[in-house]
Protein chains: 2
Amino acid sequence: MITPRTPSGVLELLPAEQIAFQRMLDVIRSAYERFGFLPIETPAYELSEVLLTKTGGETERQVYFVQSTGALEKSAAGETTGLPEMALRFDLTVPLARYVAEHEHQLTFPFRRYQMQRVYRGERAQRGRYREFYQCDIDIIGKDELSPRHDAEFPAVIHQVFTDLAIGPFTIQLNNRKLMRGFFEDLGIADGDLQARVLREVDKLDKRGPDYLRTTLTGEGFGLSADAVEQVLDFVAVRSTSHEDALARLDDVVARSAGSAALAEGAAELKVVLDLVRALGVPEGDYRLNFSIARGLDYYTGTVYETTLDEHPEIGSICSGGRYDDLAGQYTKSRLPGVGISIGLSRLFWQLREAGLVHAAESTVQVLVPQMDPDLLPQTLALATELRQGGINTESVLDGGKLGKQLKYADRAGIRFVAILGPQEVEAGTVTVKDLRRADQFSVPQDEVVRALRVELAQPLELT
Amino acid sequence: MITPRTPSGVLELLPAEQIAFQRMLDVIRSAYERFGFLPIETPAYELSEVLLTKTGGETERQVYFVQSTGALEKSAAGETTGLPEMALRFDLTVPLARYVAEHEHQLTFPFRRYQMQRVYRGERAQRGRYREFYQCDIDIIGKDELSPRHDAEFPAVIHQVFTDLAIGPFTIQLNNRKLMRGFFEDLGIADGDLQARVLREVDKLDKRGPDYLRTTLTGEGFGLSADAVEQVLDFVAVRSTSHEDALARLDDVVARSAGSAALAEGAAELKVVLDLVRALGVPEGDYRLNFSIARGLDYYTGTVYETTLDEHPEIGSICSGGRYDDLAGQYTKSRLPGVGISIGLSRLFWQLREAGLVHAAESTVQVLVPQMDPDLLPQTLALATELRQGGINTESVLDGGKLGKQLKYADRAGIRFVAILGPQEVEAGTVTVKDLRRADQFSVPQDEVVRALRVELAQPLELT
């Protein structure tokens, strides 16, 4: 006998939680489709040669390789050398790059795609960090160029997603990498590598405080002036408080600038984005400038996004992304600039559950039809069929047993309604409907039960 | 530059086809939920030790193993021996067995689950055979026992799925392994292995004809009498033509039986199933007995199902399954009998496409809002927002260009409506709506556009 168990680092759910998870996937998909993004799916594995072109470092260390039995035997016998032929995807961005480059001539640009699939990373196993997890991504990919206007749609999509998920108030944080780069250039820090190292230190601000930064950034390896450090601290502290304040903050950094073209360009892009975000109807309390947001320092080149839950800052960013200059330079000569965001849903689900924000969902089963008398089985099955044909998710009990036990099952399983057709009901031509949430019951003629239940199911349940 | 390409044996679709595929997944999921099945998902890979308990043969040869970079290095250095720690699932049944055994005490039995995920098999690459493909499974698992009544729900679910998929008329074929076993016992063929070998020969009936069977089955290795072979040929030729005919056929085989208990039991089970299938409202023309259906000879123990498209017999079974005695004997001492079916959707999609039964779907995008004048961008974005808030999937054009080009894009992309807000419309307070399918257009006041489009979208499109 083998002990049944999953490999470590996977999120496997019981049905009640899977229903809650699936509803989150459905909400996200629906929002992505609402904004005109098109679905794609890619295989779980790619050719190693294709997948592992860009990085040689941390990412490759985390990759899972895939080998057929035959390939494994050849490798063990020393007949083949080098990396296995295939590897599991570690994100959805590299597969998107491969997909767009491979199908370039069959796609229309700007290409708007969504993709919601699992990705794989051999991370150190720890609570809430998964080795297999869902990413829910959207990107808009341009050919040759893509106006910054497109960057404005992402805060609107994020707003739709997190409003619909109803997990509490949130704030979409905006910044721009050109603006940051320009700010550092104005300070005389033109070297990208030094900028990146300064930003990594700035990331420690919350934990270590400003004095740590003052000491470190003026010290060896950095050599910033005390004045420059104060300017950095002022800059990364910027959080706008309203739409007008955001525009004013941008005017302010431009006015203080020593003339960096990148800074001016970044500020102009952010203005376009802010104005269109407002035109798209996102309430101004739900987005703000945050000049401390940097994101993937090597990758993003313009607008960057993070999203935080106002009442759960400890969770960190729940949806992030940004603008990049060239999606697929490793696969095609075409220049493919893009902008996108990603939601790491498995981790988010775990965090929300830890924070008590995932509640035991109602079952996908809406009505249980119990079995009270085996002789009435044809009638109860016909009732179940009628309910199903009326669009109601219905479970038939086929094994019988005491009604009390069947009601208890429905209650525990989160099934709200029980439609009883016993000998009395058959004689009276009625069905007895129990509403387990409201602890209520009513009787309806058999030919009205579908209509009656549809009315009940269409009403939002107000729990007191 | 690396050539962007997928590994062989995967089904990767362009967005228009992905939309069609996704709609099939949605239809199947909806039907599964309609019948009260609950969702689960399991990781793509399992521990090899857990996954590969049952079989040592063909299946294991087809398994893909998964190794982290670290494990690969250790293995190459000879520090580890034996199989890699993890392997990709090759079906959804073994993961279900592991899941039910692992979570046995947290599940309610009968446990009704659906699962729609990709599985992996290192098959020889050939057209329409995939190494990564979707399976869409439902099973009902009992604890200790599970009445044959449950077997009746599967034809009803199959009927719902294939009616909703609307890919043409289909027939659900039913048989029972006990009935078959009993029939062979009556003929004096009690040895299960010999039964299996005879059935494998019977499978060649269509290709090789009855004389091949007469020669083979009376010859070396089989040794059946000529009379026995004729009885086999008569038996496997049984196809019922109506519900009453099916019951009569069962009475007939029982009447002819030499007294096999298995045959009587199998016939009684089929009668229960047939009567409940009718009670569940499945039209009698859509199911029939077919005594040639055997399915997984080692695995199934009672009712077995296949489903065929009446107008495309060349496709073979598009949905199959059956009853098994013990799901998870390798993982738990509990006896877990079950019954289930599986749809191999990737292969089915390919077959339907080959048969011309997958049509370019309408886009998930319902309305395109073109951009005609950059100054009107805030207004067109506000219009798009209004449409989205009205539940309409809307794509905004942000890059502008000629209207004709934007209309052409919508047409090619399968977007049915275009909602135009140009200078004239702004002045008149209207929106011009073009219906590209009907080659029609109309003008509505701006505050009525959502309602008007919802009415249009709710009406089924009749194409002449």
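Residues numbered from 1 in each chain as written. Chains lettered and ligands numbered in written order. Predicted model: local features only at pLDDT ≥ 70, side-chain atom pairs only at ≥ 80, totals over all residues. Heavy atoms only, no water.

Draft legend 1. Local environment of the overall build of chain A. Broken down by element type, chain A carries 18 helices and 16 strands. Taken along its principal axes, the extent of the C-alpha atoms in chain A is 90 × 65 × 45 Å. Split into buried and exposed, the 464 residues of chain A put 57% on the buried side. Contacts spanning at least 24 positions in sequence make up 67% of the contacts within chain A whose residues lie at least 6 apart. Just so you have it, chain A exposes about 19300 Å², and 47% of that area is on carbon and sulfur atoms. One way to put it: in chain A the 51 positive side-chain charges average out to a point 3 Å from where the 68 negative ones average out. (Helix = DSSP H or I, 4+ residues; strand = E, 2+ residues; numbered from the N terminus. Buried < 20%, exposed > 50% of the residue type's maximum accessible area, 1.4 Å probe, protein only. Contact = heavy atoms within 4.5 Å. Areas by Shrake-Rupley, 256 points an atom, 1.4 Å probe, with all protein chains shown as cover. Lys, Arg positive; Asp, Glu negative; His and termini not counted. Charge placed at Lys NZ, Arg CZ, Asp CG, Glu CD.)

Draft legend 2. Fine view of the interface of chain A and chain B. Counting from both sides, the interface comprises 100 residues of chain A and, opposite them, 100 residues of chain B. Our count for the chain A to chain B interface comes out at twelve salt bridges. Between B:Arg61 and A:Glu73 there is a salt bridge, with its nearest N and O atoms 3.0 Å apart. Across the contact surface, chain A and chain B share 38 residue pairs in polar contact (both at pLDDT 80 or more). The element that contributes the greatest number of residues to the side of chain A that touches chain B is helix α1 (residues 15–34) of chain A, accounting for eight residues. Looking at the side of chain A that touches chain B residue by residue, the classes come out as 47 nonpolar, 29 polar and 24 charged. Pairing analysis gives five bridges linking strand β3 (residues 64–68) of chain A to strand β3 (residues 64–68) of chain B, with the strands arranged antiparallel. Residue pairing across strands places A:Val66 opposite B:Val66, the latter belonging to β3(B). (Salt bridge = Lys/Arg side-chain N within 4 Å of Asp/Glu carboxyl O. Polar contact = N/O pair within 3.5 Å; in protein donor to acceptor, adjacent residues only side chain to side chain. Nonpolar A, V, L, I, M, F, W, Y, C, P; charged D, E, K, R; others polar. Pairing = 2+ DSSP bridges.)

Draft legend 3. How the structure looks around the packing of aromatic side chains. Enumeration over the complete set of coordinates arrives at 28 aromatic pairs over all chains. A ring pair is formed by A:Tyr32 and A:Tyr114, whose centres lie 6.2 Å apart and whose planes are at 50°; its orientation type is tilted. Residue A:Tyr32 is found in helix α1, and its partner A:Tyr114 is found in strand β5 (residues 111–120); the two are separated by 82 residues along the sequence. Exposure class is identical for A:Tyr32 and A:Tyr114. Each is buried. Measuring from ring centre to ring centre gives 5.9 Å for A:Tyr45 and B:Tyr120, while their planes differ by 55°; the resulting arrangement is tilted. Linking A:Tyr45 in strand β2 (residues 45–47) with B:Tyr120 in strand β5 (residues 111–120), this pair reaches from one chain into another. For A:Tyr45, a relative accessible area of 0% corresponds to the buried category. B:Tyr120 sits in the buried class, given a relative accessible area of 3%. These aromatic residues form a ring-pair network of at least three members: A:Phe183, A:Phe184, A:Phe235 and A:Phe291. (Phe/Tyr/Trp six-rings, centres within 6.5 Å; stacked < 30°, edge-to-face > 60°.)

Draft legend 4. Quick look at the UniProt feature "binding site: L-histidine" (unreviewed entry) in chain A. All names here are of chain A. When the UniProt feature table is mapped onto this chain numbering, "binding site: L-histidine" (unreviewed entry) sits at Asp91, Leu92, Thr93, Arg121, Gln135, Asp139, Arg295, Tyr299 and Tyr300. With residues near it in sequence (within four places) discarded, Arg121 still touches Gln62, Tyr64, Phe90, Asp91, Tyr130, Arg131, Phe133 and Gln135. Polar contacts involving the side chain of Arg121 include one to the main-chain carbonyl oxygen of Phe90, which spans 2.8 Å. Position of Tyr299 relative to the elements: it lies in the loop between β8 (287–289) and β9 (303–309). (UniProt positions renumbered as here; feature names shortened; annotations may be inferred.)

Draft legend 5. Focus on the sheet that holds strand β16 (residues 440–445) of chain B. Residue and element names in this part refer to chain B. Sheet architecture is open: five strands sit in the order β13-β12-β14-β15-β16, paired in mixed fashion. Looking at which strands have only one partner, the edges of the open sheet turn out to be β13 (394–396) and β16. The sheet shows a mean angle of 25° between the axes of neighbouring strands, direction not considered. Sheet analysis places strand β14 (residues 417–420) next to strand β15 (residues 430–435), joined by four bridges and oriented antiparallel. If you follow Val418 over to β15, its bridge partner there is Lys434. With respect to the sheet, helix α18 (residues 449–458) is in contact with β12 (367–369), β14, β15 and β16, its orientation differing from that of β16 by roughly 145°. (Axes fitted to C-alpha atoms, helices over the stretch in contact; angles between N-to-C directions.)

Draft legend 6. Highlighting the domain arrangement of chain A. What the domain assignment reports for chain A is domain 1 (15–354) and domain 2 (367–458). Taken over C-alpha atoms, the centre of domain 1 of chain A sits 49 Å from the centre of domain 2 of chain A. (Domains from an automatic or database assignment.)

Draft legend 7. Spotlight on the environment of A:Glu145. Within the fold, A:Glu145 resides in the loop between β6 (132–141) and α6 (153–165). In this structure the C-alpha to C-alpha distance between A:Glu145 and A:Pro337, which are 192 residues apart in sequence, comes to 6.2 Å.

Draft legend 8. Representation of the environment of A:Val273. Residue and element names in this part refer to chain A. Turning to its location among the elements, Val273 is positioned in helix α13 (residues 261–279). A residue is classified by how much of its surface remains accessible, and Val273, at 0% relative accessible area, is buried. Residues Val273 and His150, 123 residues apart in the sequence, show an inter-C-alpha distance of 8.2 Å. Apart from residues no more than four positions distant in its own chain, Val273 is found in contact with Pro148, Asp151, Ala152 and Thr303.

Draft legend 9. Local environment of helix α10 (residues 210–218) of chain A. All names here are of chain A. Of all the residues in α10, the buried ones are Tyr212, Leu213, Thr216 and Leu217. All buried residues of α10 fall inside an arc of 110° around its axis, so they share one side. In α10, the exposed positions that point more than 90 degrees away from the buried face belong to Asp211 and Thr215. Each element contacted by the buried residues of α10 is listed here: α8 (192–202), α9 (205–208) and α11 (226–236). (Arc of directions from axis to C-beta.)

Draft legend 10. Representation of the pairing of strand β11 (residues 338–344) of chain B in the model. Residue and element names in this part refer to chain B. Most of β11 is tucked away: five of the seven residues are buried. Pairing between strand β6 (residues 132–141) and β11: seven bridges, direction antiparallel. Bridge pairing links Gln135 to Gly344 in β11. Bridge count between strand β10 (residues 320–324) and β11: five bridges; the pairing is antiparallel. Paired with Arg323 across the two strands is Val339, which belongs to β11.

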